[in-house]
Amino acid sequence: MTSELYQRASKVLPGGVTAAARANPALGEPFYVARAAGPMLTGLNGREYIDLCMSNGATLLGHAHPAIATAVQRAIELGITCAYDGEAQVRLAERLVEQIPAFEMVRFTTSGTEATFYALRIARAYTGRTKVLKFEGHFHGFNDALAFNFWPTRVDGSSSVLAPIPETDGLPESAPSEIVVIPFNDLAAFQAALDRFGDELAAVIMEPINFDSGAILPDRSLLTLIREETKRRGIVLIFDEILSGYRTGPDCAQGYLGVTPDLTTLGKAVAGGVPLSVFGGRRELMSIVAPAGRAVHTGTYNAHLIPIMAAHAFLDTIAAPDFYPRLLALSERLQQELRRAFKEGGLPVRIQSVGARFGMYFGLDPEIEVTCFQQASRQDKRLLNAFCREMHQRGVYVNPAWHHGISAMHTEQIVDRVGELAADAARAVAQTVLTMTEERRHTRY
Ligand SMILES: Cc1ncc(COP(=O)(O)O)c(C=O)c1O
């Protein structure tokens, strides 16, 4: 039985949702939210839920964090200026250049998809080449050029250049010929791709921490090889930090890993849940952006005052000395709680986290590290969906997605409560779904 709101939505919104990812296979319809505060969401029925999605990672500070709310209010008082530059924009650029190793110059835009679109444009304009190398299981928004092999349903397991698999209809016929896809954490595949396409590549784009397939760190020697070879061959290395940004510390994944790319994209957390994205990097590259050069980036909403003020508030908040120690300890506590819960509940789940975001791989061996999408894709989505459903019934919102996380407004009590509820939910899933599978197995054989 679908809700009346979903029935109304289905008449006026394709698929009944405002974004494809808002369809919720665990619940059968979107999770409708009336309001949010700190770590909590309130459903339409007035029931409260602990949030483990946190706006897909955008509200790292918590929903309506007081610093962000005050900044938005201040922007309103200042006239909600849109399409004008002022001191706040220049100062934010200065702060980001001071903070992020790769940034010597930056530009602001609105969504992550736009940021990766522009980063690619700059790489192509700068190198005069068009091909781009990306990794299977890495997501960079839905630009035509990059909409390949995010989460393919067919994974061929080969250790070489993969067939480009489009993630959407409507791409130009030429698009697959401009993308080179390889499995992640596979040195031989990277070397093979360079041997074949090295002279044609404008860019290598990657999530430096692959949260869009859970939480997968790059192999150290692969990362070194990528940095060295891109530099040697004049290929622009782009770190897409839209999700990894600010999960480990103020200098983002590049600071954490100690590798500086040529260009970086930021989004999500950077403005505390208000739409802002950033792209930037080496001065030489950014100097070709119009009007300094001929790679055009412009737009009415770029550097809108509300997200700019919110980003200042975000940076002020994370600068508190205890911000990251507390957030990271809390995230670690949640991982421990969940590991204990799944063990107690008898549900096999591998949990991996880096900083303040984590992945859960249902049905995979809890002791074996997941290092690429090929492994991640073997998780049992039925178990994931069943767990999300059971948690929802118990008042915790877990999005049936690849990555999850807490905010700075979660507390130890909340995290411990999640652990208790997760043990109960895991037990219910193990009893229903796992038993069903067992029964089927017996009937079949
Ligand atoms: C790594 C990465 N890049 C790009 C995007 C696209 O960002 P947006 O949804 O703001 O367009 C996302 C969003 O999930 C992301 O995780």
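Residues numbered from 1 in each chain as written. Predicted model: local features only at pLDDT ≥ 70, side-chain atom pairs only at ≥ 80, totals over all residues. Heavy atoms only, no water.

Peer 1: Honestly, the overall build of the protein in this entry has me stumped. Any pointers?
Peer 2: Of regular secondary structure, the protein possesses 13 helices and 14 strands. Computed over its C-alpha atoms, the radius of gyration of the protein comes to 22 Å, within 12% of the 22 Å expected for a compact globule of 445 residues. For the protein, the spread of C-alpha atoms along the principal axes amounts to about 65 × 55 × 45 Å. When each of the 445 residues of the protein is scored for burial, the buried share is 55%. (Helix = DSSP H or I, 4+ residues; strand = E, 2+ residues; numbered from the N terminus. Rg over C-alpha atoms; globule rule 2.2 N^0.38 Å. Buried < 20%, exposed > 50% of the residue type's maximum accessible area, 1.4 Å probe, protein only.)

Peer 1: Just checking my understanding: could you explain the domain arrangement of the protein for this structure?
Peer 2: How big an interface is tends to be reported as the loss of accessible area on association of its parts. As assigned here, the protein comprises domain 1 (31–60 + 322–444) and domain 2 (66–318). Taking only C-alpha atoms, the centre of domain 1 and the centre of domain 2 are 27 Å apart. Contact residues are listed per partner, giving 27 residues for domain 1 and 34 residues for domain 2. For the pair domain 1 and domain 2, the summed buried area comes to about 2300 Å², and 65% of that belongs to carbon and sulfur atoms. Considering only the surface of domain 1 that becomes buried against domain 2, Tyr324, Val354 and Phe373 emerge as the three largest contributors, covering 30% of it. There are nine residue pairs in polar contact (both at pLDDT 80 or more) connecting domain 1 and domain 2. For the side of domain 1 that touches domain 2, the elements supplying multiple residues, two or more each, are α10 (323–345), β11 (349–354), β12 (357–362) and α11 (373–376). Counting residues per element, the side of domain 1 that touches domain 2 draws most heavily on β12, at four residues. A class-by-class count of the residues in the side of domain 1 that touches domain 2 yields 15 nonpolar, eleven polar and one charged. (Domains from an automatic or database assignment. Contact = heavy atoms within 4.5 Å. Buried area = accessible area lost by both parts, 1.4 Å probe. Polar contact = N/O pair within 3.5 Å; in protein donor to acceptor, adjacent residues only side chain to side chain. Nonpolar A, V, L, I, M, F, W, Y, C, P; charged D, E, K, R; others polar.)

Peer 1: I keep staring at the environment of glutamate 94 and nothing clicks. Help me out?
Peer 2: Along the chain, the position of glutamate 94 falls in helix α3 (residues 87–99). Among the residues examined, glutamate 94 registers a relative accessible area of 39% and is labelled partly exposed. C-alpha separation for the pair glutamate 94 and glutamate 104, spaced ten residues apart in sequence, amounts to 9.0 Å.

Peer 1: So what exactly am I meant to see when it comes to the nonpolar core here?
Peer 2: Nonpolar side chains in soluble globular proteins tend to be buried together. Counting 73 residues, the largest nonpolar core has Phe108, Tyr246, Phe342, Met360 and Phe387 as its most contacted members. If one sorts the elements of this core by residue count, helix α13 (residues 412–444) sits on top with eleven residues. Counting only domains with at least three residues in this core, you end up with domain 1 (31–60 + 322–444) and domain 2 (66–318). Leaving out residues up to four positions away in the same chain, tyrosine 246 has contacts with Leu60, Leu96, Gln99, Ile100, Cys252, Leu266, Ala269, Val270, Phe314, Leu315, Ile318 and Tyr324. Formed by 36 residues, the second largest nonpolar core is a distinct cluster that contains Phe190, Leu194, Val204 and Leu223. (Core = buried A, V, L, I, M, F, W, Y, C linked by side-chain atoms within 4.5 Å.)

Peer 1: Explain the pattern of salt bridges here, please?
Peer 2: Think of it this way: side chains of opposite charge can pair up when their charged atoms draw near. Evaluated as defined, the whole model comprises 20 salt bridges. As a salt-bridge pair, glutamate 420 and arginine 417 come within 2.8 Å of each other at their nearest N and O atoms. Of this pair, glutamate 420 and arginine 417 both sit in helix α13, three residues apart, which is roughly one turn of that helix. Judged by its relative accessible area of 46%, glutamate 420 falls in the partly exposed class. Judged by relative accessible area, arginine 417 falls into the partly exposed class, the value being 41%. Through salt bridges with shared partners, a single network forms among Glu337, Arg340, Glu344, Glu390, Arg394, Asp424 and Arg427. (Salt bridge = Lys/Arg side-chain N within 4 Å of Asp/Glu carboxyl O.)

Peer 1: Would you mind going over the site of the ligand with me for this structure?
Peer 2: Neighbouring the ligand are the residues Ser111, Gly112, Thr113, Phe139, His140, Gly141, Glu207, Asp212, Asp240, Ile242, Leu243 and Lys268. Interatomic distance of 2.7 Å between a side-chain N/O atom of aspartate 240 and a nitrogen atom of the ligand. At a separation of 2.9 Å, an oxygen atom of the ligand approaches a polar side-chain atom of lysine 268. Across the complex, the protein chains shield 81% of the 390 Å² of accessible surface that the ligand would expose by itself. Taken together, the residues that form the shell around the ligand break down as three nonpolar, five polar and four charged. (Near = heavy atom within 4 Å. Areas by Shrake-Rupley, 256 points an atom, 1.4 Å probe, with all protein chains shown as cover.)

Peer 1: Sorry if this is basic, but what is going on with the sheet that holds strand β10 (residues 277–281) here?
Peer 2: In any sheet, the strands associate via hydrogen bonds between backbone groups, in a parallel or an antiparallel arrangement. Spatial strand order, β4-β10-β9-β8-β7-β5-β6: seven strands in an open sheet with mixed pairing. Every interior strand has two partners, whereas the edge strands, β4 (105–109) and β6 (179–182), have only one. Taking each pair of neighbouring strands and ignoring which way they run, the sheet shows an average axis angle of 20°. Bridge count between strand β8 (residues 236–240) and strand β9 (residues 263–266): three bridges; the pairing is parallel. Bridged to aspartate 240 within β9 is threonine 265. Of the strands in this sheet, β4, β9 and β10 are in contact with α3, which crosses β4 at around 125°. (Pairing = 2+ DSSP bridges. Axes fitted to C-alpha atoms, helices over the stretch in contact; angles between N-to-C directions.)

Peer 1: In this structure, what is going on with the side chain of threonine 264? I would like to understand it.
Peer 2: As for its position among the elements, threonine 264 is in strand β9. Among residues more than four places away in sequence, those in contact with threonine 264 are Ala102, Phe103, Phe239, Glu241, Gln254, Val278, Phe279 and Gly280.

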